[in-house]
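Inside the fold
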Amino acid sequence: MGILVLLVWLGCWQAPQTTQAAEKTYVIGTDVTYAPFEFADKNNKYIGIDIDLMNAVAKAEGFKVQIKPLGFNAAVQALEARQIDGVIAGMTITPERQAKLAMSDPYYKSGASMAVSAKNKSIKSLADLRGKRVALKTGTAAADYALRLKKKYGFTTVTFDDSNNMYDDVRTGNSDACFDDLPVLQYAIATGLDLKIIGKPGKTGSYGFATNKDNPDHLDQKFNAGLKKVRASGEYKKIVAKYLGNGSAADQKAKNAAVQENDRSFIGLLKANWGTLMGGLQETLIVTLIAIILRQLSG
Ligand code: ASN
């Protein structure tokens, strides 16, 4: 009897996460820290161009979103495993990704750049990377770009799951250079990261929202329709200006505080992702609990 009550309670307790009476809620994965596109503010609330854009598109199209900061590669894998409905994460539209996923119309132009420590005086071009160690972020377009150059320029590579750990490896001198998207590097440097950009960015493409090709609700089409509306109303411009603004000193200072307090430390990331981590833990506990109960029943 006690077990029955427990199982019924577990069933009821899960229900509110998946049902929405009027407007459907889609679970959208994003990167952990990819400012100005997604990052945690002082109150550990996720903000950024991607987050505001996704919310604006959802509002325009009459649906709701639940944003999950999973990390870029993990978010794409979760999408492919049908665990989430979409990804918005400064994700470059590439032919390889288009072959696997439904990618929306482009919403932001980007390109991959190399960066080295601000103190580095010896690396001035790709040719100076011979024999050097280059930090990359798993599964990214910038990593693919660097891997295509690896043989020609003779460098070794090491991978990280998020941009901050990749930058740290260069800052601390473990790696000599890293590759990431230009707008993200520029924003990080403008808000206090002690790296510098070397050379011109390589062409990798524009950012788009990703979903599965067979998603039953045509979320890609909904995103495109919403994006058109949000552009036409002037909201898109406002969102970009909110984060990239006119670069006033006060603006920049506020951004510094937000990024540095929350995003650059392990604790910051942990705090920002506590909900997600605990969500995963809850699921694990439930599965374990059910396994124990079933074993008791069968034994
Ligand atoms: N810009 C990366 C890519 O398109 C995504 C990311 O790092 N958030 O691969």
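Higher on the page you've got the structure.
Scope of this entry: the structure provided in the associated data block. Every value quoted in this text rests on a predicted model; they were computed, and no experiment measured them.

What counts and how
- Residues numbered from 1 in each chain as written.
- Predicted model: local features only at pLDDT ≥ 70, side-chain atom pairs only at ≥ 80, totals over all residues.
- Heavy atoms only, no water.
- Helix = DSSP H or I, 4+ residues; strand = E, 2+ residues; numbered from the N terminus.
- Buried < 20%, exposed > 50% of the residue type's maximum accessible area, 1.4 Å probe, protein only.
- Contact = heavy atoms within 4.5 Å.
- Areas by Shrake-Rupley, 256 points an atom, 1.4 Å probe, with all protein chains shown as cover.
- Pairing = 2+ DSSP bridges.
- Axes fitted to C-alpha atoms, helices over the stretch in contact; angles between N-to-C directions.
- Parallel < 35°, antiparallel > 145°, perpendicular 65-115°, else oblique.
- Nonpolar A, V, L, I, M, F, W, Y, C, P; charged D, E, K, R; others polar.
- Near = heavy atom within 4 Å.
- Polar contact = N/O pair within 3.5 Å; in protein donor to acceptor, adjacent residues only side chain to side chain.
- Phe/Tyr/Trp six-rings, centres within 6.5 Å; stacked < 30°, edge-to-face > 60°.
- Core = buried A, V, L, I, M, F, W, Y, C linked by side-chain atoms within 4.5 Å.

The secondary structure content of the protein amounts to 12 helices and 12 strands. Taking all 299 residues of the protein together, the buried fraction comes to 45%. Expressed as a percentage of contacts within the protein between residues at least 6 apart in sequence, the contacts between residues at least 24 apart total 74%. As displayed, the protein has an accessible area near 15,500 Å², and 57% of this comes from carbon and sulfur atoms.

Attention now moves to the sheet that holds strand β12 (residues 210-212). Reading across from one edge, β4-β1-β5-β12-β6 is the order of the five strands in this open sheet, with mixed pairing throughout. On the outer flanks of this sheet lie β4 (64-69) and β6 (101-103), each paired with one strand and no other. Strand direction decides the pairing type here: β6 and β12, joined by three bridges, are antiparallel. Note on β12: the bridge partner recorded for A102 is T211. The strands touched by helix α2 (residues 49-61) are β1 (25-30) and β4; relative to β4, the strand with the most contacts, the crossing angle is about 160°.

Direction vectors running N to C along α2 and helix α8 (residues 219-232) enclose 100°, while the axes themselves pass 8 Å from each other. On the basis of the axis angle, α2 is roughly perpendicular to α8. Contacts between α2 and α8 involve L53, M54, A56, V57, A60 and E61 from the first element and K222, F223, A225, G226, L227, K229 and V230 from the second. In terms of residue class, the contact of α2 with α8 is made up of nine nonpolar, one polar and three charged.

The local shell around the ligand consists of D31, Y34, F72, A89, G90, M91, T92, R97, K137, T140, A141 and D181. Contact between the ligand and R97: an oxygen atom at 2.7 Å from a side-chain N or O atom of the residue. Class assignment for the residues of the shell around the ligand results in five nonpolar, three polar and four charged.

Across the sheet, five strands lie side by side as β9-β8-β10-β7-β11; this open sheet has mixed pairing. Strand pairing shows two members of the sheet lacking a second neighbour, β9 (156-160) and β11 (195-207), which therefore form its edges. On average, each strand axis in the sheet is inclined to that of its neighbour by 25°, with strand direction left out of account. The pairing of strand β7 (residues 108-117) with β11 spans nine bridges and is classified as antiparallel. Bridging across to β11, K109 finds its partner in S206. Each of β7, β8 (133-137), β9, β10 (177-181) and β11 is contacted by helix α5 (residues 141-153), which is oriented at about 135° to β10, the strand it contacts most.

Turning next to the packing of aromatic side chains. Enumeration over the complete set of coordinates arrives at 12 aromatic pairs. Look at F39 and Y187: their rings are 6.1 Å apart centre to centre, the planes differ by 50°, and that puts the pair in the tilted class. Residue F39 is located in strand β2 (residues 39-40), and its partner Y187 is located in helix α7 (residues 182-190); the two are separated by 148 residues in the primary sequence. As far as the burial class goes, F39 and Y187 line up, both buried. Between F39 and Y243, the aromatic rings sit 6.2 Å apart at their centres with planes inclined by 80°, giving edge-to-face as the arrangement.

A few words now on the pairing of β7. The buried count for β7 comes to nine of 10 residues, which makes it a mostly enclosed element. Relative to β10, β7 runs antiparallel, the two being bridged by four bridges. Among the inter-strand pairings, A115 is bridged to a residue of β10, identified as C178.

With that settled, the discussion passes to helix α6 (residues 163-171). Within the sequence span of α6, burial applies to S163, N164, M166, Y167, D169 and V170. Its side-chain oxygen at 3.2 Å from the backbone nitrogen of N164, D162 defines the N-terminal cap of α6. With its phi angle positive at about 90°, G173 sits one or two positions after the end of α6.

Another point: the nonpolar core. Y107, Y167 and F223 are the most contacted members of the largest nonpolar core, which totals 41 residues. Secondary-structure elements contributing two or more residues to this core are β1, α2, β7, α6, α7, β11, α8 and α9 (235-244). Top contributing element to this core by residue count: α2, with six residues. Non-local contacts of Y107, meaning those with residues more than four positions away in its chain, are made with D50, L53, I88, G90, Y207, G208, F209, F223, L227, R231 and Y236.

Here the amide bond leading from A35 into P36 is cis, since omega sits at 5°, within 30 degrees of zero. Positioned with a positive phi, N44 is a non-glycine residue whose angle comes to about 60°. For N44, the location among the structural elements is in the loop between β2 and β3 (46-47). Positive phi, close to 50°, is recorded for H218, a residue that is not glycine. Mapped onto the secondary structure, H218 falls in the loop between β12 and α8.

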